[in-house]
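# Residue-level structural notes
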Amino acid sequence: MTRAEYEAQHPLGSVNIQQDGETRPMTEAEWTAWVDRAMEAQAAEQAEADAVAAKQAARQSGVAKLEALGLTVDEVSAVFGV
């Protein structure tokens, strides 16, 4: 989700905060910081997902190369003890 989409779904004035036992709308500064944190969390989640996908793609590439040589992962693992 883009920042614009997130902001559209959670516009300033629509998000409340609890402080000193009372609920009030976030100030612009609080809201901006809240949106910033949400975007940072989303970016971190995406980076983790990308890293997992890259690792899987690298493994698949390695498996394909072994198969092209007529080998299996198990055979190579047995030879190298891994």
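Throughout what follows, the structure given in this document is the object of discussion. Computed from a prediction, not measured in an experiment: that's the story for all the values here.

Parameters and conventions
- Residues numbered from 1 in each chain as written.
- Predicted model: local features only at pLDDT ≥ 70, side-chain atom pairs only at ≥ 80, totals over all residues.
- Heavy atoms only, no water.
- Helix = DSSP H or I, 4+ residues; strand = E, 2+ residues; numbered from the N terminus.
- Buried < 20%, exposed > 50% of the residue type's maximum accessible area, 1.4 Å probe, protein only.
- Contact = heavy atoms within 4.5 Å.
- Areas by Shrake-Rupley, 256 points an atom, 1.4 Å probe, with all protein chains shown as cover.
- Lys, Arg positive; Asp, Glu negative; His and termini not counted.
- Charge placed at Lys NZ, Arg CZ, Asp CG, Glu CD.
- Pairing = 2+ DSSP bridges.

## Structural notes on the overall build of the chain
From N to C terminus, the chain includes 3 helices and 2 strands. Traced from its N-terminal end to its C-terminal end, the chain shows the element sequence α-β-β-α-α. Expressed along its principal axes, the backbone C-alpha trace of the chain runs to roughly 65 × 25 × 15 Å. Burial analysis of the chain (82 residues in total) assigns 12% to the buried set. Summarising the internal contacts of the chain: among those between residues at least 6 apart in sequence, 33% fall at separations of at least 24. Carbon and sulfur atoms provide 57% of the accessible area of the chain, an area that totals close to 6300 Å². Placing the 6 positive and 14 negative side-chain charges of the chain at their respective mean positions leaves the two points 6 Å apart.

## Notes on the pairing of strand β1 (residues 16-19)
Summarising the sheet, β1 and strand β2 (residues 22-25) pair through 4 bridges and their orientation is antiparallel. Across the sheet, residue N16 finds its bridge partner in β2, namely P25. Turn length for the β1-β2 hairpin, with the two strands adjacent in sequence and antiparallel, is 2 residues, and the turn residue D20 shows positive phi of about 55°.

## Focus: unusual backbone geometry
Backbone geometry at D20 places phi at a positive 55°, although glycine is not the residue there. The class for D20 is exposed, based on a relative accessible area of 77%.

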